[in-house]
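# Reading the structure
Single-letter residue listing:
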Amino acid sequence: TQPKLLAGRRVVITAGPTSEKIDPVRVITNRSSGKTGYAIARAAHEAGAQVVLVSGPTALPAPHGVRRVDVESAADMHAAVMAGARDADLFIAVAAVADWHVANASGNKLKKNASNQPPALQFAPNPDILAEVARLPDGPWCVGFAAETENLHEHAQAKRQRKGVPLLVGNLAQDSMGGDTTTFVLFDDQGIEELPKLSKTDAARRLIKAIAARLPRKA
Ligand code: C5P
């Protein structure tokens, strides 16, 4: 059995996509299976943590022993995270949060009209959940993710700085999306650590070890 590296720690994890309404039957979303976030939630639970998994819509069952809070939009995810973040020791933002929501979403189904003009959607930015939690005074230790399609190192280091988080995990979208394996690259103030290509279960366990080694001791 694994040592209980996160015994007594409270952890909030986001996973999956968010889903932003256009009208009652149409949404805008991101491609995310939720597999990486759920694997990390399972690994954190195995390591003895008390885990809240704030999940956008996925096809996955709730991991055993984890409290799952189901959300749809980025606004819902933001509210659910902020409700628990202050009391958490660790926040791991894995979700593929939509960058925008539809500001002029319709309460009724949009209908095709005679001229067949498509609707003019207006977008407004969503809150950056990770950046906001990272700024909380006495907030949790924060881990961010960056799924990139190219120039992973450059984008990930820049993102770590911009979000103000001590640890950022990069992966190549094309290596990881939807599948059961992933290759993590860890970026912190000491530099870069590349993990091998692993099953998401094993990658999650390695990440939890790496986090536990960096997490400040409880006061
Ligand atoms: O800004 P970008 O989406 O590239 O950053 C990715 C990281 O930020 C991920 O950890 C993601 O979960 C988090 N994020 C967030 N809220 C947003 C956008 C991204 O928490 N609105």
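All values derive from a computational prediction rather than experimental measurement.

## Concerning the packing of aromatic side chains
For the structure on display, the rule yields two aromatic pairs. The interplanar angle of 65 degrees and the centroid separation of 6.4 Å between the aromatic rings of W100 and F123 together place this pair among those described as edge-to-face. Separated by 23 residues along the polypeptide, W100 in strand β7 (residues 100–102) and F123 in strand β8 (residues 123–125) bring together distant segments of the chain. Classification of W100 as exposed rests on a relative accessible area of 52%. Residue classification places F123 among the partly exposed positions, given a relative accessible area of 45%. When the centroid spacing of 5.6 Å and the interplanar angle of 75 degrees are considered together, the rings of F145 and F184 count as edge-to-face. In this pair, F145 is assigned in strand β9 (residues 141–148) and F184 in strand β11 (residues 181–188), connecting sequence segments 39 residues apart. A single burial state applies to F145 and to F184, both of which are buried.

## Observations regarding the site of the ligand
By nearness alone, every residue bordering the ligand is listed as A93, V94, A95, V97, P127, D128, I129, L130, G144, F145, K159 and K163. In this structure, a nitrogen atom belonging to the ligand sits 2.8 Å away from a main-chain N or O atom of P127. Measuring from an oxygen atom of the ligand, one finds a side-chain N or O atom of K159 at 2.4 Å. Isolated, the ligand exposes 450 Å² of accessible area, and the fraction of that covered by the protein chains is 84%. Secondary structure elements with two or more residues in the shell around the ligand: α3 (129–135), β9 and α4 (152–163).

## As for the confidence of the model for the chain
Looking at the chain, the pLDDT average stands at 94 and 98% of residues meet or exceed 70. Predicted as a complex, the structure gets a pTM of 0.96 and an ipTM equal to 0.97.

## A few points about the pairing of β9
Successive residues of a regular strand alternate their side chains across the two faces of the sheet. Taking burial as the measure, the eight residues of β9 include seven buried ones, the bulk of the element. Relative to β9, strand β6 (residues 90–93) is paired through three bridges, and the arrangement is parallel. Counterpart to I92 in the pairing with β9 is V143. Pairing of β9 with strand β10 (residues 167–172) involves six bridges; the strand directions are parallel. Looking at β10, one finds that V143 is bridged to L167. Following the chain from β9 across α4 to the adjacent parallel β10, one finds a crossover that is right-handed.

## Focus: the UniProt feature "binding site: CTP" (unreviewed entry) in the chain
UniProt tags D99, K109, P127, D128, I129, L130, F145, K159 and K163 as "binding site: CTP" (unreviewed entry). Over a stretch of 65 residues, the named residues are scattered through the fold, their C-alpha atoms separated by up to 37.8 Å. The exposed category is assigned to D99, whose relative accessible area is 52%. Within the fold, L130 resides in helix α3.

## Concerning the environment of A39
Turning to its location among the elements, A39 is positioned in helix α1 (residues 35–46). Relative accessible area serves as the criterion here: at 3%, A39 is assigned to the buried category. Once the C-alpha coordinates of A39 and H153 are considered, the two residues, 114 residues apart in sequence, prove to be 23 Å apart. Excluding residues within four positions of it along the chain, A39 makes contact with K200, T201 and A204.

Criteria and cut-off values
- Residues numbered from 1 in each chain as written.
- Predicted model: local features only at pLDDT ≥ 70, side-chain atom pairs only at ≥ 80, totals over all residues.
- Heavy atoms only, no water.
- Phe/Tyr/Trp six-rings, centres within 6.5 Å; stacked < 30°, edge-to-face > 60°.
- Helix = DSSP H or I, 4+ residues; strand = E, 2+ residues; numbered from the N terminus.
- Buried < 20%, exposed > 50% of the residue type's maximum accessible area, 1.4 Å probe, protein only.
- Near = heavy atom within 4 Å.
- Polar contact = N/O pair within 3.5 Å; in protein donor to acceptor, adjacent residues only side chain to side chain.
- Areas by Shrake-Rupley, 256 points an atom, 1.4 Å probe, with all protein chains shown as cover.
- pLDDT = per-residue confidence, 0-100.
- Pairing = 2+ DSSP bridges.
- Right-handed = clockwise from strand over helix to strand, strands pointing away.
- UniProt positions renumbered as here; feature names shortened; annotations may be inferred.
- Contact = heavy atoms within 4.5 Å.

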